[in-house]
Amino acid sequence: MQKEINFLPLDYDYFDLNGKNCIKIVGKDDRGKRVCLLDSFESFFWVIFKDGTKEKRIEEIKKEIETIKIESDMRKTEIIKTELHNKKFLDKEVRALKVYVTNHKDCHAVADQIGYDEVLARREYDINIITKYILEKKLLPLTWKKISGEILNNSREFGGIDNILDVDLCLKIEKIENLEENRKKELDEKFSPNILAFDIETDEFEIGKGAILMISLYGKNIKKVLTWKKCEKSQEFVECFKDEADMIEAFVEYIKKIKPDILTGYFSDGFDMPYLKARAEQNNIKLSLGIDGSKPMFTRGKITSAGIFGIIHIDLFRFIETSFSQYLQSETLGLNEVALELLGEGKKEIKWKKSSKMNESEWSNFFDYNLQDSMLTYKLSEKIWSDMLEFTRIIQEPLFDITREGMSQHVENYILHNLEKYNEIAEKRPVHDEIERRRNLGKYGGAFVLQPLPGLYEHIFMFDFTSMYSSVIVTYNLAKSTLLEKKEKDSLKVDLETEKEKEIYFSKKPGFFPLMLNEMVEKRKKYKGEYKKNENNMTKARSNAYKLLANAAYGYQGFFGARYYCREAAAATAALAKKSIIETIEKIKKEGFKVIYSDTDSICMLLEKRSKEKALELLEKLNKELPGIMGLELEEFYERGIWVTKRDGEFGAKKKYALINEKGKLKIRGFETVRRDWCTLARELQNKILEKILREGNEKSALELFIKIVKSFKERKIEREEILIRTQLKKPLSEYKSITPHVIAAQKMKEAGKPVNIGMLVQYFIAETREKKSLVREKVKLEDEKGEYNLDYYLNHQIIPAVDNIFQVFGINVKEIISGKKQTTLF
DNA sequence: GACTGAACTATACC
DNA sequence: ACGGGTATAGTTCAGTC
């Protein structure tokens, strides 16, 4: 029977049937029903011929390629057909053969068998089958389409797969059509995904070592904690089970009943999912979460990803880490801090105890805690849903992947999904040896940073280049495909000071990469405008996504794992940006303004006795003289600003300054205040001192505050929390060549049976010791250890260093004041 | 054992 | 393996006298 539906694709998967590729797509129709679409797919790759290959020879090779067969235990693979096309490869016109293969998995093996002298390259055998499918059929993720097809009901065609799927409808795709924009908009407004958040609590932190004590679920119509522990008299949201096995089975049943589109957790790829897997195995339960009854699939990689067929499992932490953290101020990306920042509400506080030692009220608190975590995860997912949606639509990869891939992969996927407009065949992914070669090339020259003259300044204008590196790439046409082997007529010469190949040349004929980037920049401008006109989550997310993508394009070209890696283009981008900002600084100076600081794409200058209008006129003039799409804008006007010296020496420190604008808002960069590896005492003291100086324009009350705090510090009135030092553990303990204080702290934690993981913040303080010890690490104590804070250490390594060079700007030597030498002369 | 510079380490800026 | 280079600053480590 035939049927026509409006369909929103959510999850993609594929399987083999009789050696051929089948694609299954799970999504929603416009009445909220869960639908699975099945489709066959003929995969292909390209054989590109060298320039000048005779058509007759191409025909011969075509015939020979068509006879290739590959046989393995699994399947027989053949060539379905071949087609000759005029295409482009790296912006050059080429003749290319599109080779259709019965099974995608054998694309690479078939391509390997083609080794003619006339063949320039074989490409696109290394592109993911889902990506290829989306490209070919235009069934874009999270985008409404009109689908017509045949209703499958126990059909033999797909091996009866429709029978085991928990869906309302299963269709064999016959036609995919676009919907009218208005209709799409209407459907979009009606749709919101059914999200279910979950979180588990366990006795042991090591995966699978202890039992799962409880599992919380939080969704639109469900707020529950499942447990098999003391819960006879607990809260009504707690549901009791006989044992761990029963509880896990109930969890699976709830998922089946709720039928969420999205199952989300916080760090669930790294903890909750693998833990559930381990405990299910231990208890001989099948964790059949997939809509076909399948278990979660764990993909290999540095971090494993847990996929559930038909339900999109999102580990919110990973999306926030890779794509969203730039918007956040949080020093760590833990659930508590991120939720506090985005929702204004954090985790519940509880005292950690072995579960065997908990009393009834402690269990009750634990249930609250567990539910709260799911609730926060649910609310966070709602909060950033528009960002995930926009990223997915713009990049056109499935949501599951979008929430896990890094910025570089996003850029690459965006490129792959937009090559068609340029008739381009995709470049290959680098293999291991090539990656090694690229990595061994070392660094190339980067940005320009102007050394400031230390001091307190007033009336400061800050200009900055809008999306500087992107605009340089577009303006100067810098990419792999436009890099010339040697100098050509009317090409662009770029000097690279630090490189062996000092001069390189780029074509002026626009390449697809800069053109595509220009499109991104244009779209960003357009959607930023739309956002300004109509401020909502959607327009904001769209504008931000384009901004992030455009900004990542430069890093992408310099990234060793990129298909379109081009070290020369990246180096030229940095070199031309440097040249451009230095020239701009010179122009500003020529106009009589004093330039006090500059870093990469920003310039700080003093107004002195001039009016603001004068500076704005200058900005306009500079903009007129900038080439291509490059542009300079007013970042902000600041009332005051302070630049200090480096710790040792009299020279001004780069990347370290504090500013205050007309509204009294501070902008602090580089100072210890913004560094999380300094203790709160030093950070807050420095922050207050900077604020006083910037607000009042003098150092008097700042100095008074400093003396007051030192006094209270010496009297040991400072709380332990204030003097804790937090340092991130970046690798396994055994790999540290230098045994630093935080390594010692981590070792102590391990000995105390506390969890020690890569990436965690280790907390410790420096204590007084009985004997004299020369190394800092010999005085390390954990926060719950007995001991007094080390007066000498904190004074000379935290408090004084945090304020010393600030007061030096005013000619004040705080060390002498502390030791009592000069106190009288100052007061 | 004190001193010194290099190496290692973490974190920030753009 | 899973964006880039520039920069500051702390602590340890290895060598010198």
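Everything here concerns the structure above.
Per chain, residue numbering runs from 1 following the sequence as it is written. Labels are handed out in written order, letters beginning with A for the chains and numbers beginning with 1 for the ligands. Given that this is a predicted model, residues contribute local features only at a pLDDT of at least 70 and side-chain atom pairs are listed and counted only at 80 or more, while totals for whole chains, interfaces and linings are drawn from all residues. Heavy atoms from the whole structure form the basis of all side-chain values; hydrogens and water molecules are not counted.

Novice: Can you explain the overall build of chain A? Please cite residues and give values.
Specialist: Note on conventions: DSSP H or I runs of at least 4 residues are helices, E runs of at least 2 residues are strands, and numbering of each starts at the N terminus. When its secondary structure is counted, chain A shows 26 helices and 31 strands. C-alpha extents for chain A along the principal axes are approximately 95 × 85 × 50 Å. Here chain A, with 827 residues, has 52% of them falling under the buried criterion. Contacts are residue-level and defined by heavy atoms, with any inter-residue pair within 4.5 Å sufficient. The contacts of chain A with a sequence gap of at least 6 include a subset with a gap of at least 24, amounting to 67%. When the 145 basic and 136 acidic side-chain charges of chain A are each reduced to a single mean position, those positions are 3 Å apart. The cut-offs for exposure are 20% and 50% of the maximum accessible area for each residue type, with area from a 1.4 Å probe on protein chains only; residues under the lower value are buried, those over the upper are exposed, and the others partly exposed. In this count, Lys and Arg are taken as positive residues and Asp and Glu as negative ones, while His and the chain termini are left out. The atoms used to mark charge sites are NZ of Lys, CZ of Arg, CG of Asp and CD of Glu.

Novice: Describe the protein's contact with DNA strand C, naming the residues involved and giving the relevant values.
Specialist: Taken together, 27 residues are adjacent to DNA strand C, and Gly446, Arg647, Lys654, Arg777 and Tyr793 come closest. The nearness test applies per residue and asks whether one of its heavy atoms lies within 4 Å of the molecule or strand. Put simply, 93% of the atoms of DNA strand C that lie within 4 Å of the protein are in sugar or phosphate. Polar contact criterion, stated in full: a pair of N or O atoms within 3.5 Å, where within protein one must be able to donate a hydrogen and the other to accept it, and residues adjacent in sequence count only if both atoms are side-chain atoms. At 2.9 Å, a side-chain N or O of Lys656 approaches a phosphate oxygen of DNA strand C. Ser738 places a side-chain nitrogen or oxygen 3.5 Å from a sugar or linking oxygen of DNA strand C. Looking at the surface near DNA strand C, the elements with two or more residues in it are strand 27 (652–661) and helix 24 (791–808). Counting residues per element, the surface near DNA strand C draws most heavily on strand 27, which supplies 3 residues.

Novice: So what about the protein's contact with DNA strand B? Which residues, and what values?
Specialist: With respect to spatial proximity, 20 residues lie near DNA strand B, and among them Asp601, Tyr657, Lys731, Tyr736 and Lys737 are the closest. Among the atoms of DNA strand B lying within 4 Å of the protein, the sugar-phosphate backbone contributes 89%. Here a phosphate oxygen of DNA strand B sits 3.4 Å away from a polar atom, N or O, in the side chain of Arg669. One of the side-chain nitrogen or oxygen atoms of Arg675 is found 3.1 Å away from a sugar or linking oxygen of DNA strand B. Residue assignment for the surface near DNA strand B shows that the elements contributing at least two residues are strand 27, strand 28 (666–669) and strand 29 (725–728). Side-chain classes follow a simple rule in which Ala, Val, Leu, Ile, Met, Phe, Trp, Tyr, Cys and Pro form the nonpolar group, Asp, Glu, Lys and Arg form the charged group, and the remainder, Gly included, forms the polar group. Among the residues forming the surface near DNA strand B, the class breakdown is 4 nonpolar, 6 polar and 10 charged.

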